[in-house]
Amino acid sequence: MRPESSLRGWSWDRVFLLVLALLAGGLALASRTLIVPYPQAVAWFESAAFFPLLALGLMALAGVVEVFHRRRALELKDSEELNSSQARMGLAWAMLGLFGLYMLAVPWLGYLSSTLLFLVASSRVLGFSWRTTWALSLPLSLAMWWVFLKLLKVHFGHGWLI
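Notes on the structure in this doc start here. What you see is a predicted model, and the numbers here were worked out from it, not measured in a lab.

**Structural notes on the overall build of the protein chain**
Counting its secondary structure elements, the protein chain contains six helices and zero strands. Overall, the protein chain shows an N-to-C arrangement of helices and strands of α-α-α-α-α-α. The buried share of the protein chain, reckoned over its 162 residues, is 23%. At a minimum sequence separation of 6, the contacts of the protein chain that also span at least 24 residues come to 59%. Of the roughly 12,100 Å² that the protein chain leaves accessible, carbon and sulfur atoms contribute 71%.

As structure tokens, then:
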């Protein structure tokens, strides 16, 4: 079963992915001019453009790789896609709500404490045991705090906790 073709035998999803990849690549190239004011004297990994540039570069690369992988149409029986009937939408909405609360909590509480709370709450919502929750949440939140705040010097605001 082949998807409907468009541009010279390309399926619509390949054309769409290529357009998105090119758009992400263009935005990555323009990221330094889009962030105003852009301090030129700051190290590249400490600049405000680092994370947007990294994310856009990864999106462009992933789009090109996916376009390459979709050069042959897959039969539905050969598809590796997830079965949507097995989706647990309540769990997905709960995780999305927790992430929204996490975004609001970071500037108010601080990065380390809100990340730890988010990871603990997420682990419990996903049904992890308390032992697994703490074994994953504490080292991961400390590692993320050290990488982002100490190593990369990303500013998350001043919360009343750490």
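**Some thoughts on the packing of aromatic side chains**
Inspection of every chain in the model, using the stated rule, returns four aromatic pairs. Seen from their ring centres, Phe99 and Tyr102 are 6.0 Å apart, and the 45 degrees between their planes marks the pair as tilted. With Phe99 and Tyr102 both in helix α4 (residues 89-109), this residue pair falls three residues apart, about one helical turn. You can call Phe99 partly exposed: its relative accessible area is 39%. Measuring from centroid to centroid gives 6.1 Å for Tyr111 and Phe148, while their planes differ by 80 degrees, and the two rings are edge-to-face. Within this pair, whereas Tyr111 is found in helix α5 (residues 111-125), its partner Phe148 is found in helix α6 (residues 130-151), the two being separated by 37 residues in sequence.

**As for the nonpolar core**
With six residues, the main nonpolar core is built from Leu98, Tyr102, Val106, Tyr111, Phe118 and Leu119. Those elements that provide at least two residues to this core are α4 and α5.

**Considering a nonpolar patch on the surface**
There is a patch of nonpolar side chains on the surface, built from Trp12, Phe16, Leu20, Leu23, Leu27 and Leu34 and spanning about 640 Å² of accessible area. Of all the elements, helix α1 (residues 12-29) adds the most residues to the nonpolar patch, at five residues. Relative to the elements of secondary structure, Trp12 occurs in helix α1.

**Description of the packing of α1 against helix α3 (residues 50-69)**
Helix-helix packing is described using two parameters, namely the angle between the two axes and the distance between the axes. As a packed pair, α1 and α3 sit with axes 8 Å apart at the nearest point and diverge in direction by 155 degrees. Relative to α3, the element α1 is oriented roughly antiparallel. The element α1 and its partner α3 pack so that their crossing is left-handed. Residues Arg14, Leu17, Leu18, Ala21, Ala24, Gly25, Leu27 and Ala28 of α1 form the contact with α3, whose own contacting residues are Leu53, Leu56, Gly57, Met59, Ala60, Gly63, Val64, Glu66 and Val67. In terms of residue class, the contact of α1 with α3 is made up of twelve nonpolar, three polar and two charged.

**Side note on α3**
Three or four residues apart is the spacing at which side chains of an α-helix point the same way, because the helix has 3.6 residues per turn. Taking 1.5 Å as the rise per residue, α3 with 20 residues should run 28 Å; its terminal C-alpha atoms sit 28 Å apart, in good agreement. Contacts from the buried residues of α3 go to α1.

**Description of the packing of α5 against α6**
The N-to-C vectors of α5 and α6 enclose an angle of 150 degrees; their axes lie 9 Å apart at closest approach. Taken together, the axes of α5 and α6 lie roughly antiparallel to each other. With respect to the hand of their crossing, α5 and α6 are arranged in right-handed fashion. Here α5 contributes Tyr111, Leu112, Thr115, Leu116, Leu119, Val120, Ser123 and Arg124 to the contact with α6, which in turn contributes Trp130, Thr133, Trp134, Ser137, Leu138, Leu140, Ser141, Leu142, Met144, Trp145, Phe148 and Leu149. The class makeup of the residues in the contact of α5 with α6 is 14 nonpolar, five polar and one charged.

The rules we used
- Residues numbered from 1 in each chain as written.
- Predicted model: local features only at pLDDT ≥ 70, side-chain atom pairs only at ≥ 80, totals over all residues.
- Heavy atoms only, no water.
- Helix = DSSP H or I, 4+ residues; strand = E, 2+ residues; numbered from the N terminus.
- Buried < 20%, exposed > 50% of the residue type's maximum accessible area, 1.4 Å probe, protein only.
- Contact = heavy atoms within 4.5 Å.
- Areas by Shrake-Rupley, 256 points an atom, 1.4 Å probe, with all protein chains shown as cover.
- Phe/Tyr/Trp six-rings, centres within 6.5 Å; stacked < 30°, edge-to-face > 60°.
- Core = buried A, V, L, I, M, F, W, Y, C linked by side-chain atoms within 4.5 Å.
- Patch = residues over 30% accessible without salt bridge, like charges linked within 9 Å, V, L, I, M, F, W, Y side chains within 5 Å.
- Salt bridge = Lys/Arg side-chain N within 4 Å of Asp/Glu carboxyl O.
- Axes fitted to C-alpha atoms, helices over the stretch in contact; angles between N-to-C directions.
- Parallel < 35°, antiparallel > 145°, perpendicular 65-115°, else oblique.
- Left-handed = near helix turned anticlockwise from the far one by under 90°.
- Nonpolar A, V, L, I, M, F, W, Y, C, P; charged D, E, K, R; others polar.
- Expected span 1.5 Å × (residues − 1).

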